[in-house]
Amino acid sequence: MPSSAEVKKVSDPHDLETVFAIRREVFVDEQNCPPELEWENENVSTHFLATVEGEPAGAARWRKTDKGYKLERFAVLAKFRGYGVGEALVKAVLNDLPADATYVYLHAQVQAVGFYGKLGFKPSGTMFEEAGIQHFKMVLG
């Protein structure tokens, strides 16, 4: 079992390329998401990289929208799943939000609803499809 994950906010081009590589592996290669849907809003997002013992393990981001603050693109490489990397990412992203972030939401893949529920998110509305995958909108609080 790997040691705990370290999560840091990243903006350096090398770190961002690592973030994008993780997302490409998880979303495009593994989940067959169309690549053109994966790469959007990069310049208006705050990005995070999770590592385990110095090895890239996961990625996430947040951005301000017209509705509030949206948490997005949570991706953990297969070999690091089940070791708390996802939870470390969610907590780091939440801790980084501005003080005025009163409405925080995300679009959770159906199989991740329980995971986000344990971290304080509640489903809102009906299931919908995004990038060929079923999702629920979930709101913090």
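What counts, and at which threshold
- Residues numbered from 1 in each chain as written.
- Predicted model: local features only at pLDDT ≥ 70, side-chain atom pairs only at ≥ 80, totals over all residues.
- Heavy atoms only, no water.
- Helix = DSSP H or I, 4+ residues; strand = E, 2+ residues; numbered from the N terminus.
- Rg over C-alpha atoms; globule rule 2.2 N^0.38 Å.
- Buried < 20%, exposed > 50% of the residue type's maximum accessible area, 1.4 Å probe, protein only.
- Contact = heavy atoms within 4.5 Å.
- Areas by Shrake-Rupley, 256 points an atom, 1.4 Å probe, with all protein chains shown as cover.
- Expected span 1.5 Å × (residues − 1).
- Bend = angle between axes of the 7 residues up to and from the residue.
- Phe/Tyr/Trp six-rings, centres within 6.5 Å; stacked < 30°, edge-to-face > 60°.
- Lys NZ or Arg CZ within 6 Å of the ring centre and 35° of its normal.
- 1 Å grid on protein atoms, 1.4 Å probe; cavity = no way out; pocket = protein on both sides within 12 Å on 5 of 7 lines; lining within 4 Å.
- Points joined across faces, edges and corners; volume = space filled by probe spheres on them.

**Examining the overall build of the chain**
Within the chain, the regular secondary structure consists of four helices and seven strands. Counted from the first residue to the last, the chain has its helices and strands arranged as β-α-α-β-β-β-α-β-α-β-β. The C-alpha atoms of the chain give a radius of gyration of 14 Å, which matches the 14 Å a tight globule of 141 residues would have. Overall size of the chain, expressed as C-alpha extent along the three principal axes, is 40 × 35 × 30 Å. When the 141 residues of the chain are sorted by exposure, 46% land in the buried category. Taking all contacts inside the chain whose residues are at least 6 apart in sequence as the whole, residues at least 24 apart take part in 58%. Put simply, the chain shows about 7600 Å² of open surface, and 51% of that area lies on carbon and sulfur atoms.

**A few points about helix 1 (residues 13–30)**
In a regular helix each residue adds 1.5 Å, so 18 residues correspond to 26 Å; helix 1 covers 24 Å between its end C-alpha atoms and thus fits that length. Residue R24 marks the point of greatest curvature in helix 1, where the axis turns by about 30 degrees. For helix 1, the set of buried residues is D15, L16, T18, V19, F20, I22, R23, V26, F27 and V28.

**Considerations on the packing of aromatic side chains**
Overall, the coordinates contain five aromatic pairs when judged by the stated rule. Seen in terms of ring centroids, F74 and Y116 are 5.9 Å apart; in terms of plane orientation they differ by 65 degrees. Their pairing is edge-to-face. Placement of the pair is F74 in strand 4 (residues 69–76) and Y116 in helix 4 (residues 113–118), with a sequence separation of 42 residues. The pair F74 / Y116 is uniform in exposure class, with both members buried. Here the aromatic residues F74, F115, Y116 and F121 are joined through ring pairs into a cluster of three or more. The ring centre of Y105 lies 5.0 Å from the NZ or CZ of K137, which sits over that ring.

**Here's the deal with the layout of surface pockets**
Empty space within the largest pocket amounts to approximately 900 Å³. Taken together, 36 residues line the largest pocket, and the ones lying closest to its centre are F27, F74, A75, Q109 and Y116. Residue assignment for the lining of the largest pocket shows that the elements contributing at least two residues are helix 1, helix 2 (35–38), strand 4, helix 3 (85–96), strand 5 (104–109), helix 4 and strand 7 (133–140). The leading source of residues in the lining of the largest pocket is strand 4, at seven residues.

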